[in-house]
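# Chains, contacts and geometry: an overview
Now for the letters of each chain:
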Amino acid sequence: MLACKAVWSRLAPLAPLARASSTLCRQGGKRAAVFRHERRPPLVQQAHMSSGPTGGGGENAIYFVLVGAACLGGAVYVYRTVSGDKARYEERVAQLASRPGKSAAQPEAAAEAAPESPKAPEPAPASTVAPVEPTPAVSEVPAHAPYLLIGGGTASFAAARSIRARDPGARVLIVTDEADLPYMRPPLSKELWFSDDPAVTETLRFKQWNGKERSIYFQPSSFYVSPMELESVENGGVAVLTGKKVVHMDVRGNKVKLSDGAEISYDKCLIATGGIPRNLQVIERASEEVMKRTTLFRKIEDFKALEKVSRELKSITIIGGGFLGSELACALGRRTADLGLEVVQMFPEKGNMGKVLPEYLSNWTTEKVRKEGVKVLAEAVVKNVSYKEGKLEIKLKDGRTVKTDHIVAAVGLEPSVELAKSAGLEIDSDFGGFRVNAELQARSNIWVAGDAACFYDIKLGRRRVEHHDHAVVSGRLAGENMTGARKPYWHQSMFWSDLGPDVGYEAIGIVDSSLPTVGVFAKATAKDTPKAATEQSGTGIRSESETEAVAGPIAVGTTPAPPPLQKEDYGKGVIFYLRDKVVVGIVLWNVFNRMPIARKIIKDGEEHADLNEVAKLFNIHED
């Protein structure tokens, strides 16, 4: 209609002129008077005669042209308006159809509700024509967690359990980049390999040395609440967000960012990111074929892959002589007879556990590993690794060459500290890991526990420990301090290693073969084995029974010791590690359930004139 008015406003001034010209043609005799007096002649009112009979109708033609043009302009406007509305309507329907969470039937229903043509409108009742609102996508990531634990390992689970014990209504969120719920790692290199169940890689259940069966997981899935229900569930709970990696920390804003861009705010945060298995540089520089045939053992998926490899290939070489390398060597060595598998272990030290045990005991351990069916190559430094003719070829610096089908690199752990830069946290230059105080706090509202924590031990100084029991103890302490306990790290965690069901040891404190040591040994009996120890304690994860026990006052006697054994017999015994004549570490060799005594000795920090007398506290001479 605006177009019609515009056309009319332009053509309307011409209409009086047309009428005037028709009137003046008839009143020709008075034309001069009209112009002379410069006023409208009275006969101008007779202009209506122009619509009379034929002969005076020129003005009608002009008038009809004006009206027709106005109507045409109005028709054009209506057509364009209707066409534009239709296009916008169709575009709106397409947008609604493309929104997530809406079915295709909704745009179709909207189209049916609209009239097909203006000629036959069929308006629907007002109650049935409702605007289509989009459904917001439901995120599995909660926006806020009062207690946020980064990492899904032992330290995080211990912290969650500790937080809930002190704050029963606490809401705890664990974020882990693994696909699994929190689980214990020690059975991956110990008990799982001795299982008779062919489906052990699927069930992840194992028999402990005492015969009892349990799962590798700390708790079943029913123990946890859904991450999205964490904020609303009554009495709080523990939720686990799997397959998510925290990539950035905003410590001032108390929030973190995940790898998918999601953000989570927190009140208190624990960093328990653990570590990443180290690899040899010569392997990292090797070809892709070498990397494809190398396992860095750490997670459940690594256990599954190596177990499969051990059944399909003919030879496996383990590089590394520490805890993990020696345990895997013994576990795989037991398959040499049944599966025809060749197992080779190589390391640069003179014997197994050469960085931990005194040389004489390291050599004894090496012979024990060899008896398990393992070909041990000591003082072996890898120079080059290549892939030739379907085999991996390992060249050593002394000229020896080993051909194998698969490599397991067990050469240590690198603490996972990627968050240090964004969080502005300090990394210890000597030990690695996040530098924290005695209360495991890195800065306000941020604590660190487990393998990634470089903490201050009030007895032994600054340390970083990579063992299961330390993860339990430090995680538990961090959880307590996150709820306001403000306790220092005074409890000495222990660690243990089993070379099968018959030989094992437990240790505490600083155990370094470069320190002076004093060993006291006795003849072993049938009860001096890891199997017998777990039968007595009732648990296969020995730290679960050890960490809570506290020894009473220790009194060193003066009774004469029995005659010493021959050096080649190291059935059971106690090894003391000294620094400035004070015991700072103890290894209990095939001596179990005596850790509280060892812990008390280190805590006292006293000098002992005769360590043979101290060894009697462990009852190693009893049959």
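A brief look at the structure comes next. Here the structure is a predicted model, which is why all the values come from computation and not from measurement.

### Overview of the overall build of the protein chain
Each helix and strand counted, the protein chain has 19 helices and 28 strands in total. Relative to its full complement of 623 residues, the protein chain shows a buried share of 45%. Within the protein chain, counting contacts between residues at least 6 apart in sequence, those at least 24 apart form 68% of the total.

### Remarks on the packing of aromatic side chains
The full count for this structure, using the stated rule, is eleven aromatic pairs. Their ring planes at 85° and their centres at 5.3 Å tell us that Phe323 and Phe495 sit as a pair that is edge-to-face. One end of the pair, Phe323, is in helix α11 (residues 323-333); the other, Phe495, is in strand β24 (residues 494-498), with 172 residues separating them in the sequence. Through a chain of ring-to-ring contacts, the aromatic side chains of Phe323, Trp364, Phe495, Tyr505 and Trp589 assemble into a single cluster. We note Lys603 situated over the ring of Trp490; from NZ or CZ to the ring centre the distance is 4.7 Å.

### Let's talk about the environment of Arg435
Its place among the elements puts Arg435 in strand β19 (residues 434-435). Taking the C-alpha atoms as reference points, Arg435 and Cys454, 19 residues apart in sequence, are found 4.9 Å from one another. In this structure, Arg435 is in contact with Glu426, Asp428, Ala442, Cys454 and Arg462, ignoring residues within four places of it in sequence.

### Observations concerning the nonpolar core
With 126 residues, the main nonpolar core has Met249, Ile586 and Phe618 as its most contacted residues. The element best represented in this core is strand β28 (residues 582-589), accounting for six residues. Residues within four places of Met249 in sequence aside, it is in contact with Ile150, Lys255, Val256, Tyr266, Cys269, Ile271, Leu419, Ser422, Ala423 and Ile446.

### A closer look at a nonpolar patch on the surface
Together, Tyr456, Ile458 and Trp490 make up a nonpolar patch on the protein surface, roughly 300 Å² of accessible area in all. Tracing the chain through its elements places Trp490 in the loop between α15 (468-482) and β24.

### Here we look at the side chain of Ser474
Along the chain, Ser474 falls in helix α15. Looking at Ser474, its side chain comes within polar contact range of the main-chain nitrogen of Gly450, at 3.0 Å. For Ser474, the contacting residues outside a window of four places in its chain are Leu440, Ala449, Gly450 and Tyr489.

### Quick notes on the pairing of β24
Most of β24 sits out of view: five of its five residues are buried. The alternating pattern of β24 places Met494, Trp496 and Asp498 and Phe495 and Ser497 on opposite faces, both of which are buried. As defined by bridge partners, β24 adjoins strand β25 (residues 504-509) across five bridges and the pair is classed as antiparallel. The residue of β25 that forms the bridge with Met494 is Ile508.

### Examining the pattern of salt bridges
It is possible for side chains of opposite charge to pair when their charged atoms get near one another. Within the structure shown, the criterion is met by 26 salt bridges. For Arg463, the salt bridge goes to Asp457, with nearest N and O atoms at 3.2 Å. Owing to a relative accessible area of 1%, Asp457 belongs among the buried residues under this scheme. Connected through salt bridges with shared partners, the residues Glu140, Lys244 and Asp260 form a single ionic network.

### Describing the sheet that holds β28
Strand order in the open sheet formed by five strands is β24-β25-β28-β27-β26, with antiparallel pairing between adjacent strands. Unpaired on one side and paired on the other, β24 and β26 (517-522) mark the two borders of the sheet. Ignoring strand direction, the axes of neighbouring strands in this sheet form an average angle of 15°. Bridge count for β25 against β28 is five bridges, and the pairing is antiparallel.

### A look at helix α18 (residues 595-604)
Among the ten residues that make up α18, seven are buried, leaving the element largely enclosed by the rest of the structure. Listing the buried residues of α18 in full gives Met595, Pro596, Ile597, Ala598, Arg599, Ile601 and Ile602. The first or second residue beyond α18 is Gly605, which carries a positive phi of 60°.

### Overview of the sheet that holds strand β16 (residues 401-404)
Pairing is antiparallel across the open sheet formed by three strands, whose spatial order is β14-β15-β16. Edge positions in the sheet fall to β14 (382-388) and β16, since each of these pairs with one other strand and no more. Between one strand axis and the next, the sheet turns by 20° as a mean value, whatever way the strands run. Here strand β15 (residues 391-396) pairs with β16 via four bridges, running antiparallel. By the bridge assignment for β16, Lys395 is matched with Thr401.

### Topic: the packing of helix α6 (residues 154-166) against α15
Packed helices, taken two at a time, are described by the angle their axes make and the gap between the axes. At their nearest, the axes of α6 and α15 sit 7 Å apart, and the two run at 35° to each other. For the element pair α6 and α15, the recorded crossing hand is right-handed. Two secondary-structure elements touch here, α6 through Thr154, Ala155, Ala158, Ala159, Ser162, Ile163 and Arg166 and α15 through His468, Ala471, Val472, Gly475, Arg476, Gly479, Glu480 and Met482. The class makeup of the residues in the contact of α6 with α15 is seven nonpolar, five polar and three charged.

### Some remarks on α15
Helix length check: α15 (15 residues) gives 21 Å between terminal C-alpha atoms against 21 Å at 1.5 Å per residue, within 8%. Counted residue by residue, α15 has 14 buried out of 15 residues, so it is predominantly covered. The first or second residue beyond α15 is Gly484, which carries a positive phi of 100°.

### Some words on unusual backbone geometry
As a rule of thumb, non-glycine residues mostly have phi less than zero, and peptide bonds are mostly trans rather than cis. Even without glycine at this site, Lys581 takes up a positive phi of about 65°. Tracing the backbone through its elements, the reader meets Lys581 in the loop between β27 (572-579) and β28. Its identity is not glycine, yet Asn619 carries a phi of approximately 55°, on the positive side. If you trace the backbone, Asn619 turns up in the segment after α19 (611-615). On the basis of relative accessibility, which here comes to 32%, the residue Asn619 falls in the partly exposed class.

### Considerations on the side chain of Ser189
Position of Ser189 relative to the elements: it lies in the loop between β2 (171-175) and α7 (200-203). Here Glu327 takes part through its side chain, which lies 2.8 Å from a polar atom of the side chain of Ser189.

### A word on the environment of Asp512
With respect to the secondary-structure elements, Asp512 resides in the loop between β25 and β26. By relative accessible area, which is 33% here, Asp512 ends up partly exposed. Distance in space between the C-alpha atoms of Asp512 and Leu578 is 9.6 Å, their sequence separation being 66 residues. If near-sequence neighbours (up to four positions away) are discounted, Asp512 is found in contact with Lys355, Val356 and Tyr577. Separated by 2.9 Å, the side chains of Asp512 and Ser514 make a polar contact.

Cut-offs used in this document
- Residues numbered from 1 in each chain as written.
- Predicted model: local features only at pLDDT ≥ 70, side-chain atom pairs only at ≥ 80, totals over all residues.
- Heavy atoms only, no water.
- Helix = DSSP H or I, 4+ residues; strand = E, 2+ residues; numbered from the N terminus.
- Buried < 20%, exposed > 50% of the residue type's maximum accessible area, 1.4 Å probe, protein only.
- Contact = heavy atoms within 4.5 Å.
- Phe/Tyr/Trp six-rings, centres within 6.5 Å; stacked < 30°, edge-to-face > 60°.
- Lys NZ or Arg CZ within 6 Å of the ring centre and 35° of its normal.
- Core = buried A, V, L, I, M, F, W, Y, C linked by side-chain atoms within 4.5 Å.
- Patch = residues over 30% accessible without salt bridge, like charges linked within 9 Å, V, L, I, M, F, W, Y side chains within 5 Å.
- Areas by Shrake-Rupley, 256 points an atom, 1.4 Å probe, with all protein chains shown as cover.
- Salt bridge = Lys/Arg side-chain N within 4 Å of Asp/Glu carboxyl O.
- Polar contact = N/O pair within 3.5 Å; in protein donor to acceptor, adjacent residues only side chain to side chain.
- Pairing = 2+ DSSP bridges.
- Axes fitted to C-alpha atoms, helices over the stretch in contact; angles between N-to-C directions.
- Left-handed = near helix turned anticlockwise from the far one by under 90°.
- Nonpolar A, V, L, I, M, F, W, Y, C, P; charged D, E, K, R; others polar.
- Expected span 1.5 Å × (residues − 1).

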